Every structure is written in structure tokens, then in C-alpha cells.
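A closer look at the structure
Now for the letters of each chain:
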Amino acid sequence: MSSQATDLNAMPAPDLVSELTPDVADAAVGSGDQAVIERAASWARDYVAPRAESWERDRRFATEAFASAAGEDLCGLLVPVADSGSGMSQIGLARVLEEIAAADFAIAFSLVCHNNLAGAVSRRAPAELRARALPPLVSGERLGAFLLTEPGVGSDAAKITTSARRDGDEWVLDGEKAWVSNGTSAELLSVYAQTDPAAGHRGIVTFLIDGSTDGVERSEGYELSGAHGLGTNGISFENCRVSDGDVMVPVGEGFVAAMEGIDIARVLVAAMCCGMMRTGLATAIEYVRQRQAFGGRIADLQGVRFRLADVATDLEASRLLAYRAALAVAEGRPAAVMAAHAKKFATRAAERRLADCMQVMGAVGARRDHPLPRHLAASRLTHYVDGATEIQDVVISRTLLD
Ligand SMILES: Cc1cc2nc3c(=O)[nH]c(=O)nc-3n(C[C@H](O)[C@H](O)[C@H](O)COP(=O)(O)OP(=O)(O)OC[C@H]3O[C@@H](n4cnc5c(N)ncnc54)[C@H](O)[C@@H]3O)c2cc1C
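Residues numbered from 1 in each chain as written. Predicted model: local features only at pLDDT ≥ 70, side-chain atom pairs only at ≥ 80, totals over all residues. Heavy atoms only, no water.

Take the packing of helix 11 (residues 336-360) against helix 12 (residues 372-381) next. Contact geometry of helix 11 with helix 12 gives a least axis separation of 9 Å together with a crossing angle of 160 degrees. Taken together, the axis directions place helix 11 and helix 12 in an arrangement best described as roughly antiparallel. Here the hand of the crossing between helix 11 and helix 12 comes out left-handed. Residues A350, E351, L354, A355, C357 and M358 of helix 11 pack against L372, P373, H375, L376, S379 and R380 of helix 12. By residue class, the composition of the contact of helix 11 with helix 12 is 8 nonpolar, 2 polar and 2 charged. (Axes fitted to C-alpha atoms, helices over the stretch in contact; angles between N-to-C directions. Helix = DSSP H or I, 4+ residues; strand = E, 2+ residues; numbered from the N terminus. Parallel < 35°, antiparallel > 145°, perpendicular 65-115°, else oblique. Left-handed = near helix turned anticlockwise from the far one by under 90°. Contact = heavy atoms within 4.5 Å. Nonpolar A, V, L, I, M, F, W, Y, C, P; charged D, E, K, R; others polar.)

Following this line, the structure appears as C-alpha cells:
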């Protein structure tokens, strides 16, 4: 099996998009977006897929993957063309991330965090900071990270305790951030801090600071169930002095700014789950078509066929929910509930259906010489990022009951 299994691991990202729901996403994507999607898909297939398992085995942020993504112009997807970005639509971005996650979730999510930051800098940063920070983010010369969560504060993000106090004409940051994707390697940190605990979320300010500033301390990357390519860690601030020029979003607007992209962020997680499920389905199909038992192909056993039919149904449903929500975001319609449905459904579907794909492959399903164990481990983490599953239920049930 091993030579064949290695082939499966390096297998091109499966072309199930054209067979499943071709109209949902692609119809709404413009020709400019289409070129980026195709570039991202071939990069994911040819560069990421063959290397992702070894990055995971090394348990490190894949610096070379980010450099390679930069070479493919994948670092300024949400930045206007006038600023050398790709100026993509939200639907186009979801398609790009579906393609990359079909090869590896960690690389896809790392790029989301970076691209979201670059997009926020282009929309929100004052002119001088924008001029200084945006070009290296778009070119991929500098990697970005988003620091909201703290060891004691997750879902209830308005309660962050990292403090920002004035001292002369400087700001002094003290506190600890947790779960920073890209954190082990990021050079630009967007840090959410509280200026006045009594003001609640209205006291929150956002800084964009250099990761090498005095007083910034990083932990090693966390040991997780999977997705180590994200370089997720903790970052603390002790008497860290920054200037007014490092304020990206002023006091009072920081929390709103953190939440303004939350709907599309949830849609993107759903799209990434679709990518992982596609790979699961294609890998399982490839295997059961050639595996023999009891005088015939495993693929001809009804139990196997129906299980894979269930995977395909959940993949279709996930894509429909994800791209319906993406379209609502792109058209400026209320999308919070659609995004919550999409994220909740697709994350659950990915975990359950990747396990189904591994099951029809027998014990070979559990081997790490094909991508499914890596995707299954990553699918567990999708339940927490950008609002845990229960927070999606809070959003959905509020509209039903309040
Ligand atoms: C791989 C990974 C990468 C991440 N990257 C980043 C990043 O780059 N930047 C960043 O700032 N954060 C990041 N996070 C953190 C993520 O945003 C938090 O994990 C998430 O907000 C949930 O917070 P928590 O884990 O502290 O859970 P808690 O808030 O402690 O919740 C614990 C449990 O209680 C449930 N719960 C909480 N409130 C309610 C409620 N009102 N009703 C019902 N149930 C509730 C939760 O759903 C959960 O099941 C990342 C997390 C992971 C796993």
C-alpha cells in the first residue's frame, strides 16, 4: 500500500467542484476572481499538497509556504487593485480558500488571517500607518496576525483585559494574548487592548505593531490536535511602548472593527470545510474503486456506496449554505444568521464525513500517508475559530426566539 498511499498524499486536489454545485459559487464570480481562483488551485495542488504532511510532522509554521503564496500574489486578496492587491469579491475569496484547504487547512487559515489583516489595514488604518504597513503585507514581505483572544477571554471577546494606558505621548501595553494564528512568525501584530475597563467594548482600541518591539514575548507554538502549520501560540506584552502612529482603529471603534468581518470569516471557515470534504470524498473514491474484498470491488458494496453518497449530500449542503451566505455578504444583505448556519453545518459535516471517508478505506484510512487524518484533526479545530459552534447557536436561536 505504501507506494500507492504516497501517491494518494500527493494526489492533485480533486476536481469535484465542477461535478458538485458548479453554479452556486462560480456563477457569482467575476473573470478577475476566476484567474486568482485557478492560480490558487494549481498552487494548492502542485505546491501545498505534496508538502503539507511534512510541515505537520515538523509541527511548525511553514515559512516557505507563506513565501511561496506571496510569489503567487495570494497575500493581498482583499486589498484594492490600486494598492497592488487582488480586489477580490468575498465569494471569490471563499472559492480560493476552498481550493487551498482542499490541500491543507492550516495553510488556508494562515492565509485568511493574513489577508483579513491586510484588508482591515487598507480599510481602517490612518494614512501614515496604511502607507507604512500595507505594501509589505500585500507583497508578503511581512506576515500579519490578529490578537484578540486571551487566556481568560475567548467567546466573550468584549471582556479583554490587555491594557493600553497613556504615558506622555506614548501608549503602554500590558497583558497576554492567546491562540494567535501565525503567532510564532508574524512580523505585524494587530493587538486589541482595553483603555478603560468601565467603558466595556467602547474602551477597546486596535494597534498595529511591529512584532520585534521591546516588551513583546512569544511562547512556542501550541501542541494541538492538528493544524500545526498555523504556528498558533501565545504572545504577551510587558511595558510595551508604542506610539499614536501605531493606532490602527481609535478608542471606541476597536471592538466594532474586530467584529465587522465576522460574518465573512465564518463563511470562509465553511468554505474551507468544503475543501477538506472534497479531498476526503475524492481520496475515498479513489481507494474503494481499486480495493477488492469478497470477490469484488469495495466500491460495489451498497454500504460503502451509500456512505459516500451521504458524504456527497453533506458536501452539497455545506457548499450551498456557504456560498448563499457569501453572496449575501457580497451584496451587503444581512448575513449573520446565514453565516452561522453555514459555519455550524459545514464544520460538523467535515468532521463527521471525513471520518466516514476514512472508515470506508478500512485501516488504511487511519494512515498518515494520505491527507485524511490531517484533515480530520484540522476539522476539529474549525469548531472553535471565528466563534465556537455554540456561539453560532446563540446567533441562530436569537432570531428564532427573541
Ligand atoms: C486553531 C485556532 C486558531 C485560532 N486563532 C485565533 C487568532 O488568530 N486570533 C484570536 O484572537 N483568536 C484565535 N482563536 C481563538 C478562538 O477565537 C477562540 O477559541 C474562540 O473565540 C472560543 O473561545 P474559547 O476557546 O476561549 O472558548 P470559551 O469562550 O472559553 O468557551 C468554552 C465553551 O463554552 C461555550 N460558550 C461560551 N459562551 C457561550 C454562550 N453564550 N452560550 C453557549 N455556550 C457558550 C463555547 O462555545 C465553548 O464550547 C483560535 C482558536 C483556534 C482553536
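Structurally, the position occupied by Q194 is in strand 4 (residues 188-194). Of note is the side chain of Q194, whose polar atom sits 3.0 Å from the backbone nitrogen of D196. Excluding residues within four positions of it along the chain, Q194 makes contact with A158, I160, T162, S163, A164, G200, G203 and I204. (Polar contact = N/O pair within 3.5 Å; in protein donor to acceptor, adjacent residues only side chain to side chain.)

Below, the discussion takes up unusual backbone geometry. Phi at R59 takes a positive value of approximately 50 degrees, unusual for a residue other than glycine. Summarising the element assignment, R59 is placed in the loop between helix 3 (31-58) and helix 4 (63-71). The exposure class assigned to R59 is partly exposed, which follows from its relative accessible area of 43%. Unlike most non-glycine residues, N239 shows phi in positive territory, near 50 degrees. Relative to the helices and strands, N239 resides in strand 7 (residues 233-243). (Buried < 20%, exposed > 50% of the residue type's maximum accessible area, 1.4 Å probe, protein only.)

Turning next to the state of the cysteines. Applying the stated criterion to the full structure yields 0 disulfides. Between C273, a cysteine without a disulfide, and C274, which holds the nearest cysteine sulfur, the sulfur-to-sulfur distance is 7.1 Å. The class of C273 is buried, set by a relative accessible area of 0%. Looking at C274, the relative accessible area reads 0%, which means it is buried. (Disulfide = S-S within 2.5 Å.)

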